[in-house]
Amino acid sequence: MSKERWNLNKELAQMLKGGVIMDVTTPEQARIAEEAGACAVMALERIPADIRAAGGVSRMSDPKMIKGIQEAVSIPVMAKCRIGHFAEAQILEAIEIDYIDESEVLSPADDVYHIDKTNFKVPFVCGAKDLGEALRRINEGASMIRTKGEPGTGDVVQAVRHMRMMNREIAKISSMREDELFDEAKELRVPYELVQYVHDHKRLPVVNFAAGGVATPADAALMMQLGAEGVFVGSGIFKSGDPVKRAQAIVKAVTNYNDAKLLAELSEDLGEAMVGINEQEIELLMAERGK
Amino acid sequence: MNRRSSFLWLKGVNRLKVGILAVQGAFIEHEHKMQALGATCVEIRKKEDLNQHFDGLILPGGESTVQGKLLNDLDMFADLKKRIQQGIPTLATCAGLILLAEHISNDDKAYFQTLPVTVKRNAYGRQLGSFYTEEEVKGIGQVPMTFIRAPYVESAEDEVEVLAKVEEKIVAVRYGTQIGLSFHPELDENNKIHEMFYQMMEAA
């Protein structure tokens, strides 16, 4: 991937800022999401809560199903491939997906290596629990980062933990002397230049969204106040009682995340939230996949 | 920053104030540009943010469907449309251009409809069609242009001034106090477009 391509891909993520990216499994859901104000949709066969319930191996979605969603909406369409599965990524690039999510939600195809994303023209978003993971993914060519959180749970605790961890590490590097950055790069297992960027700019070199466990307007506002630049909502919408209303409310909550009065209005009468499972109750921690 | 505006900045008075639509998209990038030129920026996120005077308005890039919906849902549409019609200097980039356009050729929706042009959404295709180039803009010279899933202007009424074309397609127009661009001047180092807009605000 040329520097210019990487910039264009990073810049598409900039256009998504302040927005909500919603998981959808059918063209119908995609249209609902677009109408409700999603800035992009993630096309997948099963939402994370169902993947969790079904167990077994979960893979890239059927390209036909993804194409159906591409035709249904005018906003960017993302799709997931397995960690390390560069052939799935090639297929997604061939159908001109707007963004590939190399995602821990699917079963990893490689337990050591992530995809060399610099070989692709199409942009990648990757999950991260901390700054080291984020910078390693960026070094591999990712042009957008999201917290891993814990997908399919409706429990926001891990997304909060990951966002706070990244903020803490960014603050630490920002306050370091320049001669300490070399060793920090070694600790994080990333090139010096990326650490230097974080030191100089007090932020990641790419856009950082929150993901994994966001289920309510309040969850979205929490993540935005913690410094997320936008939000992915997976199971939280179409596993709830009133998807349209909840989707619209989360979109507005992300725009006005500091306005508690408005958030109170938005949180009224949303119907049932997804039931959710808390992190102590689950056996499979997707966030531990791919580091 | 010229000497006059830096002096005003020190005094903290009489700085030009630009309202930047901040419901979704890349609005921070515009803020940084305008602040560097000496303007004060106000983020417009909700109706109460409109209870003040602005010298200029920026409609940033992002998703036009989201921005258009939030403008209505948050009850800001009519107020902003009125200001644009009354001639507030307006800089609209990418999604912003779509919001201003009178017609969208490949979409039933239309928003402010204050700019008599027909635009085509996602005219260069999906993200793989996004590109960077440099081209002449009338009056200010060569400008870097970043196109992200960009629209272009298919046709414009006679009274609309075409400022730039890329491969025969219109990518920059001016109509009265409205500037509409397919590309993203806020993403590149060059400040020429924002300087042109700043001067329009000063003259207004």
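Here, the structure is the one placed above.
These lines cover the structure that appears in this document, whether it is placed above or below. (Residues numbered from 1 in each chain as written. Chains lettered and ligands numbered in written order. Predicted model: local features only at pLDDT ≥ 70, side-chain atom pairs only at ≥ 80, totals over all residues. Heavy atoms only, no water.)

**Structural notes on the layout of surface pockets**
Estimated volume of the second largest pocket: approximately 200 Å³. Taken together, Lys252, Asp259, Lys261, Leu262, Glu265 and Leu266 of chain A together with Lys46, Lys47, Glu48, Asp73 and Leu74 of chain B make up the full set of residues lining the second largest pocket. No other element matches helix 13 (residues 260-266) of chain A, which puts 4 residues into the lining of the second largest pocket. (1 Å grid on protein atoms, 1.4 Å probe; cavity = no way out; pocket = protein on both sides within 12 Å on 5 of 7 lines; lining within 4 Å. Points joined across faces, edges and corners; volume = space filled by probe spheres on them. Helix = DSSP H or I, 4+ residues; strand = E, 2+ residues; numbered from the N terminus.)

**Topic: empty space enclosed by the protein**
Residue and element names in this part refer to chain A. Tallying each qualifying case throughout the model produces 3 cavities of 30 Å³ or more. Here the largest cavity defines a volume of roughly 190 Å³. Lining the largest cavity we find 23 residues, and of these Asp23, Pro151, Ala211, Gly212 and Gly234 sit closest to its centre. Looking at the lining of the largest cavity, the elements that each hand over two or more residues are strand 8 (231-233) and helix 11 (235-238).

**Some points on the sheet that holds strand 5 (residues 124-128) of chain A**
All names here are of chain A. If you trace the 8 strands from one edge of the open sheet to the other, you get 7-6-5-4-3-2-1-8, paired in parallel fashion. Of all strands in the sheet, those bounded by a partner on one side alone are strand 7 (207-209) and strand 8. The average angle at which neighbouring strand axes cross in this sheet is 30°, direction not considered. Bridge count between strand 3 (residues 77-82) and strand 4 (residues 99-103): 5 bridges; the pairing is parallel. Bridge pairing in strand 4 links Cys81 to Glu102. Sitting on the sheet, helix 6 (residues 131-139) touches strand 5 and strand 6 (144-147), and the angle it makes with strand 5 is about 160°. (Pairing = 2+ DSSP bridges. Axes fitted to C-alpha atoms, helices over the stretch in contact; angles between N-to-C directions. Contact = heavy atoms within 4.5 Å.)

**Here we look at the nonpolar core**
By size, the foremost hydrophobic cluster in this structure holds 109 residues, and its most contacted members are Met144 and Met223 of chain A. In this structure, Ala22, Ala39, Ile193 and Met201 of chain B belong to the second largest nonpolar core, which totals 31 residues. (Core = buried A, V, L, I, M, F, W, Y, C linked by side-chain atoms within 4.5 Å. Buried < 20%, exposed > 50% of the residue type's maximum accessible area, 1.4 Å probe, protein only.)

**Thoughts on the packing of helix 10 (residues 217-225) of chain A against helix 12 (residues 243-255) of chain A**
Residues and elements named next belong to chain A. Remark: helix 10 packs on helix 12, axes separated minimally by 8 Å, with the N-to-C direction vectors making an angle of 25°. With respect to their mutual orientation, helix 10 and helix 12 come out roughly parallel. Between helix 10 and helix 12 lies a crossing of right-handed hand. Between helix 10 and helix 12, the residues in contact are Pro217, Ala220 and Met224 and Ala249, Ile250, Ala253 and Val254, respectively. (Parallel < 35°, antiparallel > 145°, perpendicular 65-115°, else oblique. Left-handed = near helix turned anticlockwise from the far one by under 90°.)

**Let's talk about unusual backbone geometry**
Even without a glycine there, the phi angle at Asp269 of chain A is positive, about 55°. Topologically, Asp269 of chain A is positioned in the segment after helix 13. Look at Arg149 of chain B: it is not a glycine, yet its phi comes out positive at around 40°. Tracing the backbone through its elements, the reader meets Arg149 of chain B in the loop between strand 8 (141-147) and strand 9 (152-156). Residue Arg149 of chain B is classed as buried on the basis of its relative accessible area of 6%.

**Overview of the interface of chain A and chain B**
At the interface, 36 residues of chain A touch 34 residues of chain B. Interface area for chain A against chain B, summed over the two sides, is near 2800 Å², with a carbon-plus-sulfur share of 54%. Interface area lost by chain A to chain B is led by Leu8, Met15 and Thr255 of chain A, which between them contribute 21%. The interface formed by chain A and chain B includes 6 salt bridges. The salt bridge involving Lys109 of chain B is made with Glu35 of chain A; its shortest N-O contact spans 3.9 Å. At the junction of chain A and chain B, the tally comes to 21 residue pairs in polar contact (both at pLDDT 80 or more). Secondary structure elements with two or more residues in the side of chain A that touches chain B: helix 1 (3-16), helix 2 (27-36) and helix 12 of chain A. (Buried area = accessible area lost by both parts, 1.4 Å probe. Salt bridge = Lys/Arg side-chain N within 4 Å of Asp/Glu carboxyl O. Polar contact = N/O pair within 3.5 Å; in protein donor to acceptor, adjacent residues only side chain to side chain.)

**Considerations on the pairing of strand 1 (residues 20-24) of chain A**
All names here are of chain A. Across the 5 residues of strand 1, 5 count as buried, placing the element largely inside the fold. Of the two faces of strand 1, the one lined by Val20, Met22 and Val24 and the one lined by Ile21 and Asp23 are each fully buried. In the sheet, strand 1 pairs with strand 8 via 3 bridges, with the strands oriented parallel. Note on strand 8: the bridge partner recorded for Val20 is Val231. The sheet contact formed by strand 1 and strand 2 (residues 40-43) spans 4 bridges and is parallel. Looking at the pairing, Ile21 lines up with Ala40 of strand 2. With helix 2 bridging strand 1 and its parallel neighbour strand 2, the resulting β-α-β unit is right-handed. (Right-handed = clockwise from strand over helix to strand, strands pointing away.)

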